[in-house]
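# Summary of the model geometry
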Amino acid sequence: MIREVEMEVVAEAFKSYHEAGVSIRGLAKRLGRPFSAVRDAVYRLEALGVLQVIRFEREYLVRLRDVGKALELGYIDFDFLIYRFGYITPVPARWQGHYISDEAYMTLPFSAKAHEALNQVLKLELEARKGLEKWLADIGEWPRFSLVFYRVAAAPLEGLEEWYRDLYHRWFEQAGLEPLGKLPLAYGFFAFIVWAVRELTGADWREAFKKALELVEKYIRETQVGRNRLEELVEEIVRGMRQSL
């Protein structure tokens with residue numbers, strides 16, 4: 001019972017990440033659990049470093065503090081993380097009215113249009129994922145989300161081929177998200193890398209894509225601090241995608 005309540009609290013804290021916190025009382029109401037049971041679970045999880053409790057006026061707000069710790073202690077698993085990554089990463093979308101993207105950045109007056117490189121990258125990425133085990137293919141975005149690549153202008157869906165726009169909207173619908181008409185920010189920068197490699201080397205799109213993945217793999221290796229299962233997964237995905245083409 002105690003562990004069950006803790007698991008529910010962590011899952012709800014994860015999903016409400018972009019709400020700037022939810023009160024302990026609000027958590028109890030959402031979960032349909034007694035206030036005292038939720039309060040005790042929250043403070044146990046705070047002591048473990050999984051959650052953060054913030055005093056705000058007369059309420060105590062609960063925030064997810066450390067996803068890695070939650071994963072390590074078994075409060076969430078890889079399946080949970082894979083299929084709910086939008087709640088903690090800058091996907092240009094809303095969930096229950098809350099932005100789950102970098103809201104401040106999205107307001108900057110940058111205009112952009114889709115580039116040929118984007119259409120080429122999207123085709124090659126899906127082709128590369130076919131060589132991976134399904135569960136690895138599902139988290140193919142993580143290599144780029146784990147870097148600083150999303151700090152670039154978001155590429156619009158307009159101008160991309162219709163098959164991909166349909167695929168994108170279906171994914172958002174399944175995830176219960178409201179799309180904002182832009183690709184995840186990582187795509188813009190990754191497409192730029194592929195385009196730059198092609199321009200500098202004269203390689204075709206396929207070879208440029210493979211070289212870009214090789215560079216990402218090398219960069220991840222050089223910027224890692226320590227080793228853990230998640231880092232190993234990232235390496236495995238990048239290497240697998242490169243070898244699948």
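Residues numbered from 1 in each chain as written. Predicted model: local features only at pLDDT ≥ 70, side-chain atom pairs only at ≥ 80, totals over all residues. Heavy atoms only, no water.

### A word on the overall build of the chain
- Counting its secondary structure elements, the chain contains 13 helices and 6 strands.
- Taking all 245 residues of the chain together, 44% fall into the buried category.
- For the chain, long-range pairs separated by at least 24 residues make up 66% of all intrachain contacts whose partners lie at least 6 apart in sequence.
- Surface exposure of the chain reaches about 13,100 Å², of which carbon and sulfur atoms provide 51%. (Helix = DSSP H or I, 4+ residues; strand = E, 2+ residues; numbered from the N terminus. Buried < 20%, exposed > 50% of the residue type's maximum accessible area, 1.4 Å probe, protein only. Contact = heavy atoms within 4.5 Å. Areas by Shrake-Rupley, 256 points an atom, 1.4 Å probe, with all protein chains shown as cover.)

### Focus on the packing of helix H12 (residues 205–223) against helix H13 (residues 229–244)
- Put simply, H12 and H13 touch, their axes get as near as 9 Å, and they point 160° apart. As judged from the angle between their axes, H12 and H13 are roughly antiparallel. Between H12 and H13 the crossing geometry is left-handed. Contacts from Lys210, Leu213, Glu214, Val216, Glu217, Ile220 and Arg221 in H12 reach Glu231, Val234, Glu235, Val238, Arg239, Met241 and Arg242 in H13.
- For the contact of H12 with H13, the residue count by class is 6 nonpolar, no polar and 8 charged. (Axes fitted to C-alpha atoms, helices over the stretch in contact; angles between N-to-C directions. Parallel < 35°, antiparallel > 145°, perpendicular 65-115°, else oblique. Left-handed = near helix turned anticlockwise from the far one by under 90°. Nonpolar A, V, L, I, M, F, W, Y, C, P; charged D, E, K, R; others polar.)

### Comments concerning the pattern of salt bridges
- Evaluation of the coordinates by the stated rule reveals 13 salt bridges.
- Put simply, lysine 123 and glutamate 161 hold a salt bridge, and the shortest N to O gap is 3.4 Å. Separated by 38 residues along the polypeptide, lysine 123 in helix H7 (residues 116–129) and glutamate 161 in the loop between helix H9 (142–145) and helix H10 (162–175) bring together distant segments of the chain.
- Under the relative-accessibility criterion, lysine 123 is labelled partly exposed at 38%.
- Overall, the relative accessible area of 28% leaves glutamate 161 in the partly exposed class.
- Salt-bridge contacts for glutamate 217 lead to arginine 242; the nearest nitrogen and oxygen are separated by 2.5 Å. (Salt bridge = Lys/Arg side-chain N within 4 Å of Asp/Glu carboxyl O.)

### Focus on the sheet that holds strand S2 (residues 51–56)
- Taken together, the 3 strands give an open sheet; going across it, the order is S1-S3-S2, and neighbouring strands pair in antiparallel fashion. A single partner strand is all that each edge strand has here, and the edge strands are strand S1 (22–23) and S2.
- Two elements, S1 and strand S3 (residues 59–64), share 2 bridges in a ladder whose sense is antiparallel. Residue valine 22 lies in a different strand from S3, and its bridge partner there is valine 62. (Pairing = 2+ DSSP bridges.)

### With respect to the nonpolar core
- The biggest cluster of nonpolar side chains holds 39 residues, and the ones touching the most others in it are Leu160, Tyr164, Leu183, Phe190, Val194 and Phe209.
- With 7 residues, H12 is the largest single contributor of residues to this core.
- Beyond its immediate stretch of four places on either side in the chain, phenylalanine 209 contacts Val121, Leu124, Glu125, Ala128, Phe190, Val194 and Leu245.
- One finds Ala11, Ala13, Leu27 and Tyr75 within the second-largest nonpolar core, a separate group that totals 25 residues. (Core = buried A, V, L, I, M, F, W, Y, C linked by side-chain atoms within 4.5 Å.)

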